[in-house]
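Listed below, chain by chain, are the residues.
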Number of protein chains: 2
Amino acid sequence: MLKISTRCRYGLLAMVELGQHDGQTPMSVQDIYQKQRIPKFYLQQLLVKLRRNGLVESVRGSKGGFVLKKDPKQIKILDIVKAVEGPVQLIFCTKKAKDRCCRRIKECLTRPVWVELHEVVNKVLSERTLHDLTQNLP
Amino acid sequence: MLKISTRCRYGLLAMVELGQHDGQTPMSVQDIYQKQRIPKFYLQQLLVKLRRNGLVESVRGSKGGFVLKKDPKQIKILDIVKAVEGPVQLIFCTKKAKDRCCRRIKECLTRPVWVELHEVVNKVLSERTLHDLTQNLP
DNA sequence: CTATATATGACTTAATTTGTCAAGTATTAA
DNA sequence: TTAATACTTGACAAATTAAGTCATATATAG
Ligand code: FES
Ligand code: FES
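Worth saying up front: this structure is predicted, and the values here are computed from it rather than measured.

To continue, consider the packing of aromatic side chains. All names here are of chain A. Counted by the stated rule, this structure contains 2 aromatic pairs over all chains. A centroid spacing of 5.8 Å and a plane angle of 85° characterise the contact between Tyr10 and Tyr42, whose relative ring orientation is edge-to-face. In this pair, Tyr10 sits in helix 1 (residues 6-20) while Tyr42 sits in helix 3 (residues 40-52), placing the two residues 32 residues apart along the sequence. Tyr42 gets classed as partly exposed once you look at its relative accessible area, which sits at 29%. A cation over a ring is seen here: Lys40 above Tyr33, with NZ or CZ 4.8 Å from the ring centre.

Structural data, given as structure tokens:
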């Protein structure tokens, strides 16, 4: 059904929250939780993934928290999605993943739709940036 | 990760198979199985869904099977996807499904991306028809 | 030193996807 | 009429993935 996972929704909500914040002082998991009511421990996991993917920076200890590591204009939505749930891979029609497709790539008549879908999804996600969202611009 | 389910892949493969067939004599599950190696009982389930959604017709008894019910030009890929797995609903930000979104639709800054994604996916799937696939046309 | 916060990794639970099966019904052909 | 073929229905089981929790460790401000 292609539904958006909570990982994605929560991850993006957290990033938007950080983007709306002052950009100087770190925002703790608790802070984000109070704004968005995302399950705390789950949110923490997601933030760790965002950090490992270079999207946020963490400050440990008292008064610590998370800060965006880049300019929101440089953060594609696709980066965020990839960070929290791995590459956006709508199809698996490759030689390596034989079991995930019909195994007849060359003659496969269905493949083109899935490829097209894969492409438009990736296009939208990589054209939009975090900045677009926080500024309400097209 | 937004991956395409086997339901979708198998469903479309079956429809393409029926579309490639003569259009007169019914094609049995066994026939489709021999062409595509889709788990038989699973395939059967999918065909029933396709029938219930008016995309194929079934003929019972010996020499029975399935036939397309419409002109492939009138069958959108979206119809097939909807038939085998219900509506393509990338987001659930409605009043009824409060738990599936951030519950702050009006002020939600993340919603626009998901809506856009939802729209492009539905657009691609409803612009392409079964005929496009079997004819290798754009 | 203490309170606050993140780091890590294992773990549990719930939901969904994927696939199987048995018993029943309809149809054709011999 | 009978045997063989093939769809119908509904329930079920297994496998995978998503969603969420927790204990323990580490770091820092004050
Ligand atoms: S090549 Fe992937 S479904 Fe056919
Ligand atoms: S309204 Fe759906 S995520 Fe915010």
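That shown, we press on.
Turning to the protein's contact with DNA strand D, a few remarks are in order. Taken together, 28 residues are adjacent to DNA strand D, and Gln45(A), Arg60(A), Arg51(B), Arg52(B) and Ser58(B) come closest. What you see for DNA strand D is that sugar and phosphate hold 70% of its atoms within 4 Å of the protein. Here a base oxygen of DNA strand D sits 2.6 Å away from a polar atom, N or O, in the side chain of Gln45(A). Between a base nitrogen of DNA strand D and a side-chain N or O atom of Gln45(B), the distance comes to 3.2 Å.

It is worth spelling out the protein's contact with DNA strand C at this point. Every one of the 27 residues lining DNA strand C counts as a neighbour, but Arg51(A), Ser58(A), Gly61(A), Gln45(B) and Arg60(B) are closest to it. Taken together, the sugar and phosphate atoms account for 66% of what DNA strand C places within 4 Å of the protein. Measuring from a sugar or linking oxygen of DNA strand C, one finds a backbone N or O atom of Gly61(A) at 2.9 Å. In this structure, Thr6(B) approaches DNA strand C through a side-chain N or O atom, which is 3.1 Å from a sugar or linking oxygen. Here the surface near DNA strand C is composed, by residue class, of 8 nonpolar, 13 polar and 6 charged.

About the cut-offs
Residues numbered from 1 in each chain as written. Chains lettered and ligands numbered in written order. Predicted model: local features only at pLDDT ≥ 70, side-chain atom pairs only at ≥ 80, totals over all residues. Heavy atoms only, no water. Phe/Tyr/Trp six-rings, centres within 6.5 Å; stacked < 30°, edge-to-face > 60°. Helix = DSSP H or I, 4+ residues; strand = E, 2+ residues; numbered from the N terminus. Buried < 20%, exposed > 50% of the residue type's maximum accessible area, 1.4 Å probe, protein only. Lys NZ or Arg CZ within 6 Å of the ring centre and 35° of its normal. Near = heavy atom within 4 Å. Polar contact = N/O pair within 3.5 Å; in protein donor to acceptor, adjacent residues only side chain to side chain. Nonpolar A, V, L, I, M, F, W, Y, C, P; charged D, E, K, R; others polar.

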